[in-house]
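What follows is the residue order along each chain.
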Amino acid sequence: MSPETWSPLRAARERRVPRVPLHVDGLEVGSVAAAHLPALAAWPQWLTLDAGGVSLRAGAAAGAGRATRDEALATIHAALRAQGLIRAWRDEPFALFDPGSGAALATIERAAARFWGTLTLGAHATGFVRGTDGRVERLWIARRSEHKATDPGLLDNLVGGGVPAGQSAREALVREGHEEAGLSPGEMASARPAGVLRLHRDVAEGLQHEWLHAFDLELSPGRVPLNQDGEVASFAALGPGEALACATSGRMTVDAALVTIDFLLRHDLLDDAAAEAGVEALRVHTVPPVSESPGSRSIPRRSTG
């Protein structure tokens, strides 16, 4: 199977919907679907719409603080939600980042990030078990609950989730490890950072622009994950070939498929021809190393476009 036929590699960068830039404090931080511009004209006190795109002015005036910007965005988002333009509402606070510097410019509802096409962060761990020969023998694959707001019923990594405002990728991973797989902070401490992968694609909710922090998490052969929060329907331990088939067939979320393919490549679990082509195909999704220092919020220091 050639990596050129692997649908996740195409889907992770598929862009077809016309969009215009979103600016905050003169910085380009996202984009808005051109079809949604008429709806945004309802807030001339906060938004400027012109040939350059959309500019958010709330909070930019002298003496105006973060709360002013956050409150203005909350009002806009509530109205857009009522109109059906912001979908899969989560009641989860996410940062609105300047992708160039990593500065948080506001705090917004998670679902709104895809409406605005702003950068979000994710943390995923590939859970694996070694065989007696020391090589990776099985990968733990989760099946998402049918009640999930996004991608219900699809396959997923053992642990995976978005990084909320105020947390680093590792902090989010530890939390998700307990909620999704019943793994303790001590068990999650062994997760090794394995790089950052980029998604920049149209989705039903808007635009997913996400930096996925991938981790490798080795489990003992007798350790069986157990979901705690109802968001995972089941787990299965699959061989590398089975995991690759799931990742390339559309049965797995694009996020998890990208992380899984990357894991299989890094652990030399593909044949030589597929591995060589796969490394090149994934290059477009790989971003510069990110600090895992205690103060890091796991954001790239520069944008790669």
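Above this note sits the structure.
Read on for a plain summary of the structure. Bear in mind the structure is a predicted one, so any value in this text is a computation, not a measurement. (Residues numbered from 1 in each chain as written. Predicted model: local features only at pLDDT ≥ 70, side-chain atom pairs only at ≥ 80, totals over all residues. Heavy atoms only, no water.)

Overview of empty space enclosed by the protein
Turning to step 1, where the next piece is worked out: Under the definition given, this model contains 2 cavities of 30 Å³ or more.
Turning to step 2, where the next piece is worked out: Quantified by volume, the largest cavity comes out at close to 50 Å³.
Turning to step 3, where the next piece is worked out: Lining the largest cavity, in full, are Ala142, Arg143, Arg144, Lys148, Asp156, Asn157, Glu180, Glu231 and Val232.
Turning to step 4, where the next piece is worked out: Where the lining of the largest cavity is concerned, the elements lending two or more residues are strand E8 (136–144) and strand E9 (155–157).
Turning to step 5, where the next piece is worked out: Of all the elements, E8 adds the most residues to the lining of the largest cavity, at 3 residues.
Turning to step 6, where the next piece is worked out: Its residues placed into classes, the lining of the largest cavity shows 2 nonpolar, 1 polar and 6 charged.
Turning to step 7, where the next piece is worked out: The calculated volume of the second largest cavity comes to roughly 30 Å³. (1 Å grid on protein atoms, 1.4 Å probe; cavity = no way out; pocket = protein on both sides within 12 Å on 5 of 7 lines; lining within 4 Å. Points joined across faces, edges and corners; volume = space filled by probe spheres on them. Helix = DSSP H or I, 4+ residues; strand = E, 2+ residues; numbered from the N terminus. Nonpolar A, V, L, I, M, F, W, Y, C, P; charged D, E, K, R; others polar.)

Some thoughts on the side chain of Glu210
Turning to step 1, where the next piece is worked out: One can find Glu210 in strand E12 (residues 206–218).
Turning to step 2, where the next piece is worked out: Other than its neighbours up to four places away in sequence, Glu210 contacts Leu119, Thr120, Leu121, Gly122, Leu197, Arg198, Leu199 and Asp255. (Contact = heavy atoms within 4.5 Å.)

Things to note about the side chain of Thr126
Turning to step 1, where the next piece is worked out: Mapped onto the fold, Thr126 is located in strand E7 (residues 119–130).
Turning to step 2, where the next piece is worked out: Judged by its relative accessible area of 3%, Thr126 falls in the buried class.
Turning to step 3, where the next piece is worked out: Setting aside residues no more than four positions away along its own chain, Thr126 makes contact with Leu139, Asn157, Phe215, Asp216, Leu217, Val259 and Phe263. (Buried < 20%, exposed > 50% of the residue type's maximum accessible area, 1.4 Å probe, protein only.)

Comments concerning the pairing of strand E2 (residues 27–33)
Turning to step 1, where the next piece is worked out: With 5 of its 7 residues buried, E2 lies for the most part within the structure.
Turning to step 2, where the next piece is worked out: Pairing analysis gives 6 bridges linking strand E1 (residues 19–24) to E2, with the strands arranged antiparallel. Looking across to E2, one finds that Val20 is bridged to Val32.
Turning to step 3, where the next piece is worked out: Count of turn residues in the E1/E2 antiparallel hairpin: 2 residues, of which Asp25 carries a positive phi of about 55°. (Pairing = 2+ DSSP bridges.)

Regarding the pairing of strand E6 (residues 104–109)
Turning to step 1, where the next piece is worked out: With 5 bridges connecting them, strand E5 (residues 93–97) and E6 associate as antiparallel partners. Among the inter-strand pairings, Phe94 is bridged to a residue of E6, identified as Ile108.

Regarding the packing of aromatic side chains
Turning to step 1, where the next piece is worked out: Counting across every chain of the model gives 2 aromatic pairs.
Turning to step 2, where the next piece is worked out: A ring pair is formed by Phe115 and Trp116, whose centres lie 5.0 Å apart and whose planes are at 90°; its orientation type is edge-to-face.
Turning to step 3, where the next piece is worked out: An angle of 50° between the planes, with centres 5.4 Å apart, marks the rings of Phe128 and Phe263 as tilted. On the criterion of sequence distance, the pair formed by Phe128 in strand E7 and Phe263 in helix H8 (residues 254–266) is long-range, its members being 135 residues apart.
Turning to step 4, where the next piece is worked out: Of the residues examined, Phe263 reaches a relative accessible area of 0% and is grouped as buried. (Phe/Tyr/Trp six-rings, centres within 6.5 Å; stacked < 30°, edge-to-face > 60°.)

Looking at the environment of Glu171
Turning to step 1, where the next piece is worked out: By secondary structure assignment, the location of Glu171 is in helix H5 (residues 169–181).
Turning to step 2, where the next piece is worked out: Judged by relative accessible area, which is 38%, Glu171 ranks as partly exposed.
Turning to step 3, where the next piece is worked out: Between the C-alpha atom of Glu171 and that of Ala123, which follows or precedes it by 48 residues, the distance is 9.2 Å.

Here we look at unusual backbone geometry
Backbone geometry follows two general trends: most residues other than glycine have a negative phi, and most peptide bonds adopt the trans configuration.
Turning to step 1, where the next piece is worked out: Even without being a glycine, Asp91 presents a positive backbone phi close to 60°.
Turning to step 2, where the next piece is worked out: Residue placement: Asp91 occurs in the loop between helix H3 (66–82) and E5.
Turning to step 3, where the next piece is worked out: The backbone of Asp151 sits at a positive phi, close to 50°, despite the residue not being glycine.
Turning to step 4, where the next piece is worked out: Counting through the fold element by element, Asp151 comes out in the loop between E8 and E9.

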